[in-house]
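Single-letter residue listing:
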Amino acid sequence: VLVPHVCRARCQPVADVDGYGHMNNAAYLTHFEMARWQLSSASGLLDFLLSRGAGFIVGGVTVRYRREIAPLQAFDIHTRLAHWDDRWVVVLQELRTPGTGQVLAQGVCRALMRNRKGIISPVEALRSMGLRDTDVLEPAPEVRAVVDAFAGLDGAMRDMAAVPD
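Keep in mind that this is a model prediction, so the values were computed, not measured. By convention here, each chain's residues receive numbers from 1 onward along its written sequence. Two thresholds apply to this predicted model, a pLDDT of at least 70 for residue-level local features and 80 or more for giving and counting side-chain atom pairs, whereas whole-chain, interface and lining totals are computed over all residues. The basis for every side-chain value is the complete set of heavy atoms in the structure, and neither hydrogens nor water enter the calculation.

Caption draft 1: Here's a closer look at helix H4 (residues 141-161). Along its 21 residues, H4 runs 30 Å from first to last C-alpha, staying within 8% of the 30 Å computed at 1.5 Å per residue. For H4, the set of buried residues is Val143, Val147, Phe150, Asp154 and Gly155. For H4, the arc enclosing every buried residue in end-on projection is 135°, short of the 170-degree limit, so these residues lie on one face. Exposed residues lying more than 90 degrees from the buried face of H4 are Pro141, Glu142, Asp159 and Met160. We call two residues in contact whenever any of their non-hydrogen atoms come within 4.5 Å of each other. Secondary structure is summarised from DSSP: a helix means a run of H or I of at least four residues, a strand means a run of E of at least two, and numbering begins at the N terminus for each. In the core, the buried residues of H4 are packed alongside strand S2 (55-65), strand S3 (74-84), strand S4 (89-96) and strand S5 (103-115). Note on H4: the residue one or two positions beyond its end, Ala162, has a positive phi of about 55°. Expected helix span is computed as 1.5 Å times (number of residues minus one). Buried, partly exposed and exposed residues are distinguished by accessible area as a fraction of the type maximum, computed with a 1.4 Å probe on protein chains only: under 20%, between the cut-offs, and over 50%, respectively. Summarising the geometry, the arc corresponds to the directions from the helix axis toward the C-beta atoms.

Structure below.
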């Protein structure tokens, strides 16, 4: 879960393409979400959640579209857990061209894990997967900058809406 999980996808002509002949913005969100579920399954996190009757609740997502994706074009989705605290996990994702690694889109997702009893600590979930606090390295400065900027954007939007957490 601490190294990027990579899965391959393809822009589906009927489901993913808009009237302009390229992948619709909503399709990016769908592909990002499916890749997060694949990471959860591959890492054992999904088993942990299911054993507790829990799931993810997405608190916010932002996407940066870099290059268009054409119908039937293949792309790799790189997904990694970038940060967590006592409540939230932050996942960074990139859609890349297979072979060249050219970045087609970037996504940041903030989510929490919850069941009927309440929020499940990300630290508890990671420990259940065999990770220790010493396994976690400080993220690279550019990753830390993205996580901090996303938190700032989230806070500013919350303040604008005058909605408490």
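What follows continues from the structure just given.
Caption draft 2: The arrangement of the pattern of salt bridges in detail. A pairing counts as a salt bridge when a side-chain nitrogen of Lys or Arg comes within 4 Å of a carboxyl oxygen of Asp or Glu. Inspection of the entire model under this criterion finds 6 salt bridges. Where Arg8 meets Asp76, a salt bridge forms, and the shortest distance between an N and an O atom there is 2.5 Å. Separated by 68 residues along the polypeptide, Arg8 in strand S1 (residues 5-10) and Asp76 in strand S3 bring together distant segments of the chain. A residue is classified by how much of its surface remains accessible, and Arg8, at 55% relative accessible area, is exposed. The partner of Glu124 in a salt bridge is Arg52, and the shortest N-O contact between them spans 3.5 Å. Here the residue Glu124 occupies a position in helix H3 (residues 122-128), and Arg52 occupies one in the loop between helix H2 (45-51) and S2, the gap between them amounting to 72 residues. In this structure Arg52 comes out as partly exposed when scored by relative accessible area, which is 36%. When salt bridges that share partners are traced, they join Arg110, Asp154 and Arg158 into one network.

Caption draft 3: Quick peek at the pairing of S3. By the criterion of burial, S3 is predominantly enclosed, with 9 of the 11 residues buried. Pairing geometry for S1 and S3, over 6 bridges, is antiparallel. Along S3, the bridge assignment pairs Arg10 with Ala74. Pairing analysis gives 8 bridges linking S3 to S4, with the strands arranged antiparallel. Counterpart to Asp76 in the pairing with S4 is Arg96. Note on pairing: DSSP must find at least two bridges between two strands before they are called paired. Two successive antiparallel strands, S3 and S4, enclose a turn made up of 4 residues.

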